[in-house]
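Analysis of the macromolecular model
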Amino acid sequence: MLLDRRSAGLLACLAALLCAGVATAADFDPKSVEFFEAKIRPVLVKHCYTCHSAESKELRAGLFVDNRDGLRKGGDSGPAVVPGDAKKSLLLAAIRYQDLEMPPTGKLPDDVIGDFERWIAAGATDPRDEVTKPAGSKEIDFAKAREHWSLRPVVRADLSRLKSSAWARTDIDRLVADKWEGQQLTPVPDAPKSQLLRRAYFDLIGLPPTPQELKNFLADESSQAFERVVDELLASPRFGERWGRHWLDLARYADSNGRAQNIFFQFAWHYRDYVIDAFNRDLPYDRFIIEQLAGDLLPAETAVERDRLRIATAFLAIGPKTFESAPELFSMDLIDEQIDVTTRAVLGLTVSCARCHDHKFDAIPTKEYYALAGIFRSTDTLFGPSFFQRPAFDKRYHLHPIGADAEKLGEAAFEYRAQLRGLMGKRDQAAVIAYRTQRQIDGIKVEWQRAGNDAPDPKLDELLALHKVQLAERERLKAETKAMEEAAPPLPDFTQGVKEMTQVEDCTLRIRGEFDKPGERIPRGVLTLCSLGEKPAIPVDQSGRLELARWLVAKENPLPARVAVNRIWRQLFGSGIVTSVDNFGVIGERPSHPELLDYLAAQFMESNWSTKRLIREIMLSRTYQLGTRFQEANSSRDPNNVLLWRMTPRRLEVEPFRDAVLSISGALDLQPPRGPHIGLVRNGLLEENPKLAEIHKESNRRTIYLPIVRGQLQEMLQTFDFADPNLLIAQRDERTIPSQSLFMLNSPWLWAQAKLAAERMLSLKMNDDQAKLNWLFQAFFCRAATKDEHATLLKFIAAQRERVQGDEVVVWMHVVQALYASAEFRYLQ
């Protein structure tokens, strides 16, 4: 950092980044530590360490920023951060350039400032308890590091040692029941059939069962009744729409880039549909991962299969990007994002934390981060057409062509559209020039009239003649543009994705993570930490992506199966066996049932990595089929239900909630769309700044098919905790906030659906109000109304009839709206 009179101000800004008190990494929430390591520490390293660290030639103002104690004690100017109170934090004023201007070399980007705001507001977590040493200086004992539970080989539990249990039906049950030994815990009764049916429908397809489906299930008294329901739902095309969304949260899927240039990814929908199809086909999980990292390098017998594999690699291309960065910084940031999403999604490790320094908790040296970086540096990321990119990238178009005519028409179609955009620019410029001349003309006329002159003004005549020419040119360009738009050739199909660079290269280590400070060149490779077998050899003339992908999901690697089955368990139980679902490193949580986790991981791999088989096995266990009844004695011993003595009630995410509303109203359109949302495209061209009203126009399709615009999510998605598409989200937030209640009471959309549901129910021509209420309760809650509910609602109905003078649609619309707004509708029991 440059030294000048403002250095003392920076010291004041950084002096108290943490609250007092001794803490270690284990004392902090893993997510907050990950945020610090990924977003905060690199900025401090880049902008502050030169003058304020153990490496500084001359320490300025007595402040160390390279360790927690140094920041707490501060320097000569006192504290700068009040944890939890961003408004009182001088650090933010300085990096916002409101008073002091730090760093003096230039204001930080808005998204970085936003990261510091969020960090401080959340308590300014900083897990560092030692002075940072130069990258690569620490000797790592990998053998010792592999003693960590998640890095030991997956070993199937010896079930013969377990005591017999009359309660248990499956091996899963026996492993769960074994944990109750000595805890004085007894499981609650099984869930009622109707409750179990609703749970299975929402868990597997994200939709409620119909009253007829409920009736059929209750009438089936065979022991295989629930098994048949599970098999039918697993075979439904709706399954992929439900479970594909879980993966899209991890893949940070969106239809736009976000950040300063929120351009639209016209072809991202191909990847969304690929994921849905992969889950419906039960594509083996290991193959699923390999296709997304290296599908373009796999053999394909047909053009259709070639296209599918190209689409899969969009996993590496659909993340948010800072297009305004210098090309080399853009490249290194893109690589970092690809490393982060790959390793966290598959391994549950925060490898990206080693960009600036050796990982502080896991045995991941900086050199191995750059070994991975070389693989992605040798990969060409195809993220969009050329007219959205700076000339420095020197690409005519930057996408994978797919479809029968794409190879032939692709470049010509994009070149035509590039010319069209150039013509549009000339047209708009001509309009501006003509407008400015008309301002000049109007001004001269006004001044001339004020002066009382009647004689002609030569200057005005000259401007009028010029303006006439300008107007003619504007009209000519308008006509030419319109003609070119109408004659535009059809835009062929493309997809985002990746491919091999023409020339592969290793990556140089970047000192302190700074893109413009290269160090030694690091050969491409994988992590030593989770290489229990031989590391793959990287071909000299290839990126190494295929070798990386196969290594990631090798059966010798203990992490991928554990991470995957833990996520599946979390989706079915609301909490993972390991609660830190995307961090299996040292600061992550330990498993509550380690033998069960390994049993599931072994089963997963032995059943050809079949997601459907694993889900089926879990759902047919008695553990999954337990009721949700609260039991005081059990709760006093295990208040968080860690030992699974009951099924914990779970709130529906926004997608099944919205889809269920549409399903009950009868408005749900189950036909999947094809192509980008109509609001994003005009005349075959992407809209750079489309009207949000058009994008957010209500659709009756399933929620997974709504456009996801980074930074501009639809109100309902924001209100009900949709996954932030800028980040890998393994577990969504679950907030209870006033805006949710206000939505349930006041949303015009919800009232419109209530009216449709009322009309649908009335069309069934049921004879009495009790029958109508029973139908609604079956549709909403998979049960009949109780005697008390009947009595209360019948009084309400009578009062409504008197108020609205017998308008039955309005009467029942209010009943339906109350059911939509109920807690029971939004929760799974």
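Here the structure is a predicted model, which means the values were calculated and not measured. (Residues numbered from 1 in each chain as written. Predicted model: local features only at pLDDT ≥ 70, side-chain atom pairs only at ≥ 80, totals over all residues. Heavy atoms only, no water.)

Before going further, it helps to spend a moment on the overall build of the protein chain. Assigned secondary structure in the protein chain consists of 32 helices and twelve strands. Put simply, the protein chain has 829 residues, and 55% of those count as buried. Partitioning the intrachain contacts of the protein chain with sequence separation of at least 6 by distance along the chain shows that 72% fall at a separation of at least 24. (Helix = DSSP H or I, 4+ residues; strand = E, 2+ residues; numbered from the N terminus. Buried < 20%, exposed > 50% of the residue type's maximum accessible area, 1.4 Å probe, protein only. Contact = heavy atoms within 4.5 Å.)

Here the focus is the nonpolar core. Counting 183 residues, the largest nonpolar core has Leu204, Trp247, Tyr271, Phe288, Leu600, Trp812 and Tyr820 as the members making the most contacts within it. The element contributing the most residues to this core is helix α20 (residues 559-573), with nine residues. Setting aside residues no more than four positions away along its own chain, Trp812 makes contact with Ala758, Met761, Leu762, Asp769, Lys772, Leu773, Leu776, Ile797 and Arg801. Among the nonpolar cores identified, the runner-up in size contains 21 residues, and Ile40, Ala86, Leu108 and Val112 belong to it. (Core = buried A, V, L, I, M, F, W, Y, C linked by side-chain atoms within 4.5 Å.)

Of the two faces of strand β1 (residues 379-382), the one carrying Thr379 and Thr381 and the one carrying Asp380 and Leu382 are both buried. In terms of strand pairing, β1 meets strand β6 (residues 497-500) through four bridges, oriented antiparallel. Along β6, the bridge assignment pairs Thr379 with Glu500. (Pairing = 2+ DSSP bridges.)

To continue, consider the packing of aromatic side chains. Tallied over the entire structure, the rule returns 27 aromatic pairs. A ring pair is formed by Trp247 and Tyr285, whose centres lie 6.4 Å apart and whose planes are at 80°; its orientation type is edge-to-face. Of this pair, Trp247 sits in helix α11 (residues 237-250) while Tyr285 sits in helix α13 (residues 285-294), placing them 38 residues apart in sequence. Since its relative accessible area comes to 7%, Tyr285 is described here as buried. Here Tyr369 and Tyr370 contribute two aromatic rings whose centre-to-centre distance is 4.8 Å and whose plane-to-plane angle is 75°, an arrangement assigned as edge-to-face. With respect to burial, Tyr369 and Tyr370 carry one shared label: buried. Cluster of aromatic residues (ring-pair linked, three or more members): Trp247, Tyr271, Tyr274, Phe279, Tyr285, Phe288, Phe315, Phe604 and Trp609. The positively charged end of Lys193 is found above the aromatic ring belonging to Phe217, 4.5 Å away from the centroid. (Phe/Tyr/Trp six-rings, centres within 6.5 Å; stacked < 30°, edge-to-face > 60°. Lys NZ or Arg CZ within 6 Å of the ring centre and 35° of its normal.)

The next subject is the state of the cysteines. One pass over the full model with this rule turns up zero disulfides. Of all cysteine sulfurs in the structure, the one in Cys353 sits closest to Cys356, which takes part in no disulfide; the separation is 9.3 Å. For Cys356, a relative accessible area of 9% puts it in the buried group. (Disulfide = S-S within 2.5 Å.)

A few words now on the side chain of Arg344. Relative to the helices and strands, Arg344 resides in helix α15 (residues 327-346). A relative accessible area of 12% means that Arg344 is categorised as buried. In this view, Arg344 contacts Glu34, Leu349, Thr350, Arg567, Asp582 and Leu728; residues no more than four positions away in its chain are not counted.

The interhelical angle for the contact between α20 and helix α21 (residues 594-606), taken along N-to-C directions, is 105°, at an axis separation of 9 Å. With respect to their mutual orientation, α20 and α21 come out roughly perpendicular. Taking contact as the criterion, the partners of Ala561, Arg562, Ala564, Val565, Asn566 and Trp569 in α20 are, on α21, Leu596, Leu597, Asp598, Leu600, Ala601, Phe604 and Met605. Residues that form the contact of α20 with α21 fall into these classes: ten nonpolar, one polar and two charged. (Axes fitted to C-alpha atoms, helices over the stretch in contact; angles between N-to-C directions. Parallel < 35°, antiparallel > 145°, perpendicular 65-115°, else oblique. Nonpolar A, V, L, I, M, F, W, Y, C, P; charged D, E, K, R; others polar.)

Mean pLDDT over the protein chain works out to 87, with 86% of the residues at or above the 70 mark. Across residues 1-23, confidence stays below pLDDT 50; counting only partners more than four residues off in sequence or on other chains, it has 77 contacts. (pLDDT = per-residue confidence, 0-100.)

Turning our eyes to something else, we now look at unusual backbone geometry. The backbone of Asn641 shows a phi angle near 55°, a positive value even though the residue is not glycine. Along the chain, Asn641 turns up in the loop between α23 (632-637) and β9 (650-651). According to the relative accessible area criterion, Asn641 is buried, its value standing at 7%. At Leu644, a position not held by glycine, the phi torsion is positive, near 65°. On the basis of relative accessible area, Leu644 is assigned to the buried category, the value being 10%.

Any empty space left between the atoms is revealed when a probe the size of a water molecule rolls over them. With the rule as written, the count across this model stands at five cavities of 30 Å³ or more. What the second largest cavity holds in volume is close to 70 Å³. Forming the boundary of the second largest cavity are Gly206, Glu241, Arg242, Arg245, Glu655, Pro656, Asp659, Arg702, Thr703 and Ile704. Considered class by class, the residues forming the lining of the second largest cavity number two nonpolar, two polar and six charged. (1 Å grid on protein atoms, 1.4 Å probe; cavity = no way out; pocket = protein on both sides within 12 Å on 5 of 7 lines; lining within 4 Å. Points joined across faces, edges and corners; volume = space filled by probe spheres on them.)

The next point concerns the environment of Pro594. With respect to the helices and strands, the residue Pro594 is situated in helix α21. Residue classification places Pro594 among the partly exposed residues on the basis of a relative accessible area of 39%. C-alpha separation for the pair Pro594 and Trp149, spaced 445 residues apart in sequence, amounts to 8.7 Å.

Our next topic: helix α12 (residues 269-280). Two residues of an α-helix separated by three or four positions point the same way, owing to the 3.6 residues in each turn. With twelve residues, α12 should cover 16 Å at 1.5 Å per step; its first-to-last C-alpha distance of 17 Å lies within 8% of that length. Where burial is concerned, most of α12 is hidden: nine out of the twelve residues are buried. Considered for burial, the residues of α12 that qualify are Trp269, His270, Tyr271, Arg272, Tyr274, Val275, Ile276, Ala278 and Phe279. Each element contacted by the buried residues of α12 is listed here: α11, α13, α14 (303-312), β5 (494-495) and α22 (611-619). In the stretch just after α12, Asp282 is the one whose phi turns positive, near 55°. (Expected span 1.5 Å × (residues − 1).)

This part covers the pattern of salt bridges. Oppositely charged side chains can form a pair if their charged atoms are brought close together. Following the criterion strictly, the structure yields 57 salt bridges and no others. The shortest N-O distance in the salt bridge between Asp171 and Arg174 comes to 2.5 Å. Residue Asp171 and its partner Arg174 are located together in helix α7 (residues 171-178), separated by three residues, close to a single helical turn. Given the relative accessible area of 23%, Asp171 is considered partly exposed. Looking at Arg174, the relative accessible area reads 28%, which means it is partly exposed. Where Arg732 meets Asp249, a salt bridge forms, and the shortest distance between an N and an O atom there is 2.8 Å. Linking Arg732 in the loop between α26 (715-719) and α27 (738-746) with Asp249 in helix α11, this pair joins segments that are 483 residues apart in sequence. Overall, the relative accessible area of 16% leaves Arg732 in the buried class. Residue Asp249 is classed as buried on the basis of its relative accessible area, which comes to 8%. Taken together, the shared-partner salt bridges in this structure form one network comprising Arg238, Glu241, Arg658, Asp659, Glu698 and Arg702. (Salt bridge = Lys/Arg side-chain N within 4 Å of Asp/Glu carboxyl O.)

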